[in-house]
Amino acid sequence: MSQDAFRLISPNGTESALPVHKGTTGPDVIDIGKLYREQGVFTYDPGFVATGSCSSDITFIDGEEGVLMYRGYPVEQLAEHSNFIEVCYLLLYGELPTKDELEKFDHSVRTHTMLNEGMLNFFKGFRYDAHPMAQLSAVVGSMSAYYHDTTDIHDPQHRDIFAHRIVAKLPTIAAAAYKLNVGQPFIYPRNDLNYSENLLHMLFAVPAEPYEIDPIAAEALDLLFILHADHEQNCSTSTVRMAASSGANPYSAIAAGISALWGPAHGGANEAVLKMLEEIGDVSQIPKYVEKAKDRDDPFRLMGFGHRVYKNFDPRAKIIRKMAHKVLERLGQRDDTPLFDLALELEQVALKDPFFIERNLYPNVDFYSGVIYRALGIPTSMFTVMFSIGRCVGWTAHWTEMISDPSGKISRPRQLYTGPANRDYVAVKDR
Ligand code: CMC
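Computed from a predicted model, the values in this text were never measured in an experiment.

Draft legend 1. The arrangement of the packing of aromatic side chains in detail. This structure, assessed with the given rule, holds 23 aromatic pairs. Site record: aromatic cluster; members linked through ring pairs are F305, F340, F355, F356, F367 and Y368. Above the plane of the ring of Y147 lies R165, whose end atom (NZ or CZ) is 3.7 Å from the centre. Taking NZ or CZ as reference, R359 lies 3.8 Å from the ring centre of F355, over its face.

Rendered as structure tokens:
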């Protein structure tokens, strides 16, 4: 990070020279670390609209141009030529693996897929209809009870074991949550299958008959996981970083990230998109719903549209739209075609509407992912779980980056206090 200075003069004439850091690419950042000491003021930026919370080597987004890169590689190239396990290695270790490194990593992930048998008992405690995101967050949090004493966050080897373990076990936990919901027996992982194939097997196989994995389904899942793998300092990743900045157990921090992802403004949007498309129901209803989305007095928003960072097409949405075409054509799920056609038409109407044009509201990653999940037979309540499986490696890479930094500090923002000023306690009899 090279330095420049940003001169800030307060109304009373006190001057501060605030260092300006330059990244590899993207906007410069003003380092305000000494602002309070020198000027006696805090900065104020609810929602972190113009605030960088850390420096990071992992992912770069140019929201104006619609660019997304993992460790410098454009996501389009990774989507076309790589696979999810290789992308996991890239995110965790910073470079594309050699053949040998990839084989070792793949082997390690494949051989960490089983859960401690006792952990399966947790699922018996949930009601049959417990939302799978609630189950996922609770069971991942409970991993901290299994791996507390054996996880020294200051030991690089322990950090590595944590990373491989969480990436490997998340699909197993996700599939167990799904099996509880559908009342089927839990299916153990198969280490001869690759990551996405194994997940499909755990989700859809039953002990009573053979299950054949559809290669298109596995390819589509792998692509979705690549596209969801990381997205710099988004809400859930920032949550993981913040929770873990206290030195908390990393499994608990990932559980916090899963909880943050669940909200409809974040990963929960994929579930909300499908519900919205079903509610719209027919192309003839689109104008009515677009008007609702524009109405200030109506809380309805077009789910899967808009993004805090992208003010252009979300590059992931373009890739997913292409895959949605392929999945629907090849899997022949005719039932889902009207829903996809509805999504395509809604996109066209919104993209031509001045309200959406003026606000740079484009389809985001969640707009089409649900259409694919649905065509694969994955229920709506599992959509955000699938997002979690993809994003888990990003959370883990960010956790590793943060914890490995010896100058790391606990995250502790300040505030603008707007409550009552100093006042004296009044005894209950006098109130
Ligand atoms: N439908 C209708 N209007 C919208 C929408 C939408 N989906 N998104 C933003 N707007 C309007 C909003 O009303 C505001 O208008 P105005 O300037 O007149 O007040 C303007 O656009 C800016 O919106 P904002 O809420 O200030 O923007 P934000 O950066 O705080 O919010 C967002 C970003 C993603 C939360 C928001 O666009 C949204 O709620 N989208 C729908 C939910 C969604 O698809 N979320 C998934 C995001 S991508 C995956 C992920 O992050 O996990």
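The discussion continues.
Draft legend 2. Region of the structure containing a nonpolar patch on the surface. Judged by side-chain polarity, F6, I30 and I32 come together as a nonpolar surface patch covering roughly 240 Å² of accessible area. Mapping I32 onto the fold places it in the loop between strand 3 (29-30) and helix 1 (35-39).

Draft legend 3. Spotlight on the site of the ligand. The full set close to the ligand counts 22 residues, and H266, R296, L302, G304 and R308 are the nearest of them. Bound to the protein, the ligand loses 75% of the 940 Å² it would expose on its own. The class makeup of the residues in the shell around the ligand is 11 nonpolar, six polar and five charged.

Draft legend 4. Here's a closer look at the sheet that holds strand 6 (residues 73-74). Taken together, the three strands give an open sheet; going across it, the order is 4-5-6, and neighbouring strands pair in antiparallel fashion. Whereas interior strands pair on both sides, the edge strands pair on one side only; in this sheet they are strand 4 (59-62) and strand 6. Here two bridges tie strand 5 (residues 67-70) to strand 6, and the two strands are oriented antiparallel to one another. Its bridge partner lying in strand 6, Y70 is registered against Y73.

Draft legend 5. How the structure looks around the pattern of salt bridges. Evaluation of the coordinates by the stated rule reveals 19 salt bridges. K22 serves as the salt-bridge partner of D28, at 2.8 Å between the closest nitrogen and oxygen. Given the relative accessible area of 33%, K22 is considered partly exposed. Between E38 and K34 there is a salt bridge, with its nearest N and O atoms 3.6 Å apart. The exposure class of E38 is partly exposed, given its relative accessible area of 33%.

Draft legend 6. Here's a closer look at the side chain of T172. In this structure, T172 sits in helix 7 (residues 156-182). With residues near it in sequence (within four places) discarded, T172 still touches T113, L115, F186, P189 and M202.

Draft legend 7. View of helix 6 (residues 132-146). Its 15 residues give helix 6 an end-to-end C-alpha distance of 21 Å, which sits within 8% of 21 Å, the value for a rise of 1.5 Å per residue. Across the 15 residues that make up helix 6, a large majority, 11, are buried. Those residues of helix 6 that fall on the buried side of the exposure criterion are P132, M133, Q135, L136, S137, V139, V140, G141, S142, M143 and S144.

Conventions adopted
All chains use their own residue numbering, which begins from 1 and follows the written sequence. Local features in this predicted model are restricted to residues of pLDDT 70 or higher, and side-chain atom pairs are both shown and tallied only at a pLDDT of 80 or more, whereas totals for entire chains, interfaces and linings draw on every residue. For the side-chain quantities, the full set of heavy atoms in the structure was used; hydrogens and water were omitted. Here the aromatic set is Phe, Tyr and Trp, taking the six-membered ring for Trp, and pairing holds for ring centres within 6.5 Å; pairs whose planes are under 30 degrees apart are stacked, those over 60 apart are edge-to-face, and all others are tilted. Distance and angle both matter: a charge sits over a ring if NZ of Lys or CZ of Arg is within 6 Å of the ring centre and within 35 degrees of the ring normal. Here the term patch refers to residues with relative accessible area over 30% and no salt bridge, with like charges joined within 9 Å and nonpolar side chains (Val, Leu, Ile, Met, Phe, Trp, Tyr) within 5 Å. Accessible surface is estimated by sampling points in the Shrake-Rupley manner with a 1.4 Å probe; for residues, cover comes only from the protein chains shown. Basic side-chain nitrogens of Lys or Arg form a salt bridge, by our definition, when they fall within 4 Å of a carboxyl oxygen of Asp or Glu. Numbering of helices and strands runs from the N terminus, with a helix taken as a DSSP run of H or I at least four residues long and a strand as a DSSP run of E at least two residues long. A single heavy atom is enough: if one lies within 4 Å of a molecule or strand, its residue is considered near that molecule or strand. Only Asp, Glu, Lys and Arg are considered charged, only Ala, Val, Leu, Ile, Met, Phe, Trp, Tyr, Cys and Pro nonpolar, and every remaining residue, Gly among them, polar. Strand pairing is assigned whenever DSSP identifies at least 2 bridges connecting the two strands. The buried label goes to any residue with under 20% of its type's maximum accessible area, the exposed label to any with over 50%, and the partly exposed label to all in between, with areas taken from a 1.4 Å probe on protein chains only. The contact criterion used throughout is that any non-hydrogen atoms of two residues lie within 4.5 Å. Given the number of residues in a helix, its expected span is that number minus one, multiplied by 1.5 Å.

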